[in-house]
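Observations on the three-dimensional arrangement
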Amino acid sequence: VAVRLGGLVLLARALNVMTLPADVSSTALSVAALQPWFIVGYMVAVITVAVGLISLHVSELLVRLEQARSEAMQRANTDMLTGLMNRPAILGQAEAMFKSLPEPRTGMAALMIDCDDFASINDRLGHFVGDMALKQLGQVFRENLPAGALAGRFGGEVFLVLLHEPLAPTAIATAEHLNHAVSQIALESGRRTAALTVSIGVALLEPDDHSVHAWLRRADAAAGLPRAAGRPRGVAHP
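Now for a look at the structure at hand. (Residues numbered from 1 in each chain as written. Predicted model: local features only at pLDDT ≥ 70, side-chain atom pairs only at ≥ 80, totals over all residues. Heavy atoms only, no water.)

**Points about the overall build of the protein chain**
Helices and strands together make up the secondary structure of the protein chain, namely 8 helices and 7 strands. By the burial criterion, 38% of the 238 residues in the protein chain qualify as buried. Put simply, of all contacts in the protein chain between residues at least 6 apart along the chain, 71% involve residues at least 24 apart. Taken as a whole, the protein chain presents about 13,700 Å² of accessible surface, with 61% of it coming from carbon and sulfur. (Helix = DSSP H or I, 4+ residues; strand = E, 2+ residues; numbered from the N terminus. Buried < 20%, exposed > 50% of the residue type's maximum accessible area, 1.4 Å probe, protein only. Contact = heavy atoms within 4.5 Å. Areas by Shrake-Rupley, 256 points an atom, 1.4 Å probe, with all protein chains shown as cover.)

**Brief notes about helix 5 (residues 127-144)**
The periodicity of an α-helix, 3.6 residues per turn, causes residues three or four places apart in sequence to face the same way. For helix 5, with 18 residues, the first-to-last C-alpha span of 26 Å sits near the 26 Å given by 1.5 Å per residue. When helix 5 is considered as a whole, its buried residues turn out to be V129, G130, A133, L134, L137, G138, V140 and F141. (Expected span 1.5 Å × (residues − 1).)

**Digging into the side chain of S199**
When you line up the elements, S199 lands in strand 6 (residues 198-204). Judged by its relative accessible area of 0%, S199 falls in the buried class. Engagement of the side chain of S199 in a polar contact is seen with the side chain of D116, the distance being 2.7 Å. (Polar contact = N/O pair within 3.5 Å; in protein donor to acceptor, adjacent residues only side chain to side chain.)

**Thoughts on the nonpolar core**
Within the largest apolar cluster, 34 residues are counted, with the highest numbers of intra-cluster contacts made by L111, I113, L137, F141, L196 and I200. Broken down by secondary-structure element, the contributors of at least two residues to this core are strand 1 (109-115), helix 4 (118-125), helix 5, strand 3 (158-163), helix 6 (168-183) and strand 6. The biggest single contributor to this core is helix 5, with 6 residues. In contact with F141, not counting residues within four places along its chain, are L84, I113, A151, F159, L178 and V182. Judged by nonpolar contacts, the second largest core, of 21 residues, contains M85, I90, F98 and V158. (Core = buried A, V, L, I, M, F, W, Y, C linked by side-chain atoms within 4.5 Å.)

**Topic: the environment of N122**
Summarising the element assignment, N122 is placed in helix 4. Through-space distance from the C-alpha of N122 to that of A133 is 9.9 Å; in sequence the pair is 11 residues apart. When residues no more than four places from it in sequence are discounted, the contact partners of N122 are H127 and G130.

What follows is the structure, given as structure tokens:
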């Protein structure tokens, strides 16, 4: 700002000189004869500086407004507890990805991640520990997902991860890696402890999925398979 203001002052001085008649010499005119031209020059200089200052202020104001808008949008799309995307944001991303793919739509994988018996954690250790568990889950996802993956809190203790992945073995390997990372989380409250585990359903996007909801329903159904089989903390692919 200081550099730009200095430039404006130099410009104003230049304009002051430029307002003098081209054929006037320093010895040919008296001070009284030059006085009107100095007045005009200073008026031009004052106006130039004022316009420059207003322009600087407006520019700074626009930058601040854009920053405020960006921060407000970030808050609107973020789950404040986990730091991941919230449900509308992650569903919006899934919809955008789905629509961007040419038919037949493939090349994406959805991981629906459900915390096992999360209600008992809240009951035994308290809701504060339950909130801390969800925060740690958010951190685990950020640190262990591959580049380009998106993660969001789908609702309650359920999370959704979107992968650019056309192969089931690779998507399942990512889910298994997340499962192991989550199992390292230790929950404590006084003398009471609890393990945090998740069941993960993996669903690759298939040509028969005519909507995002059809695709995600398959991932959600797969997430319930390990518990239905009596072996939670598992990974299932329909």
